Amino acid sequence: MENLVLILKIIYGCFFCFAGIMHIIKPNFFKNFIPDFFPKLFVNYFIGFIEFFLGVGLFFDKYIEFSAISILILLILLIPIHIWDVTKKRPAIGSKKLAIVRIPFQFLLIYGIYFIYINS
């Protein structure tokens with residue numbers, strides 16, 4: 001069990017650090033995910049910094065629980081964005097099918113980070 005949790009921490013830590021960096025260096029890629037009534041560039045950078053620092057937190061024992069619960073909350077808060085993307089005529093990434101697949105994948109990510117949280 002400890003090995004599985006360690007592997008998940010590494011995967012999630014790397015994934016969220018990478019996603020955070022991508023928000024900063026490729027903001028145009030993410031602009032279509034953000035509804036028009038939000039300040040797109042600010043939201044993009046803000047989410048990027050949050051994702052990066054929470055991902056880093058998964059590598060330090062002192063911050064694992066805080067990072068895991070924060071990522072869990074972030075993933076839950078982003079579910080409406082994924083649902084909104086499915087309803088768009090042209091989803092932000094690829095096809096409608098891909099947009100639909102991202103919703104259950106979001107729940108899989110939520111379960112994985114919850115598993116890290118309860119086992120840390």
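So, here is what we can say about the structure in this document.

Conventions we followed
- Residues numbered from 1 in each chain as written.
- Predicted model: local features only at pLDDT ≥ 70, side-chain atom pairs only at ≥ 80, totals over all residues.
- Heavy atoms only, no water.
- Core = buried A, V, L, I, M, F, W, Y, C linked by side-chain atoms within 4.5 Å.
- Buried < 20%, exposed > 50% of the residue type's maximum accessible area, 1.4 Å probe, protein only.
- Helix = DSSP H or I, 4+ residues; strand = E, 2+ residues; numbered from the N terminus.
- Contact = heavy atoms within 4.5 Å.
- Patch = residues over 30% accessible without salt bridge, like charges linked within 9 Å, V, L, I, M, F, W, Y side chains within 5 Å.
- Areas by Shrake-Rupley, 256 points an atom, 1.4 Å probe, with all protein chains shown as cover.
- Salt bridge = Lys/Arg side-chain N within 4 Å of Asp/Glu carboxyl O.
- Axes fitted to C-alpha atoms, helices over the stretch in contact; angles between N-to-C directions.
- Left-handed = near helix turned anticlockwise from the far one by under 90°.
- Nonpolar A, V, L, I, M, F, W, Y, C, P; charged D, E, K, R; others polar.

### Some details on the nonpolar core
Counting residues in each nonpolar core, the largest one holds 17 residues, and the members touching the most others are Y12, L58, I71, L75, I113 and I116. Looking at this core, the elements that each hand over two or more residues are α1 (2-25), α4 (64-77) and α6 (96-118). With residues up to four places along the chain from it excluded, the contact list for I113 reads Y12, L58, A68, I71, L72 and L75.

### Topic: the environment of F33
With respect to the helices, strands and loops of the structure, F33 is situated in the loop between α2 (27-30) and α3 (40-57). The class of F33 is buried, set by a relative accessible area of 12%. Sequence separation between F33 and V86 is 53 residues, and the spatial gap between their C-alpha atoms is 11 Å. Dropping the residues within four chain positions of it, F33 is found in contact with I81, W84, D85, A92, I93 and R102.

### Considering a nonpolar patch on the surface
On the surface, a nonpolar cluster with roughly 480 Å² of combined accessible area is contributed by L6, I10, F59, F60 and Y63. Inspection of the secondary structure puts F60 in the loop between α3 and α4. Given a relative accessible area of 47%, F60 falls into the partly exposed group.

### Overview of the packing of α3 against α4
At a minimum axis distance of 8 Å, the contact between α3 and α4 shows a crossing angle of 145°. The chirality of how α3 crosses α4 is left-handed. Contacts between α3 and α4 pair I47, I50, E51, L54, G55 and G57 from the former with I64, F66, S67, S70, I71 and L74 from the latter. Of the residues belonging to the contact of α3 with α4, the class tally is seven nonpolar, four polar and one charged.

### Topic: the pattern of salt bridges
For the structure on display, the rule yields three salt bridges. Between K88 and D85 there is a salt bridge whose closest N-O contact spans 3.4 Å. Both residues of the pair, K88 and D85, count as buried. D85 serves as the salt-bridge partner of R102, at 2.9 Å between the closest nitrogen and oxygen. Of this pair, R102 sits in helix α6 while D85 sits in helix α5 (residues 79-87), placing them 17 residues apart in sequence. Taken together, the shared-partner salt bridges in this structure form one network comprising D85, K88 and R102.

The values reported here are purely geometric and, on their own, carry no functional implication.
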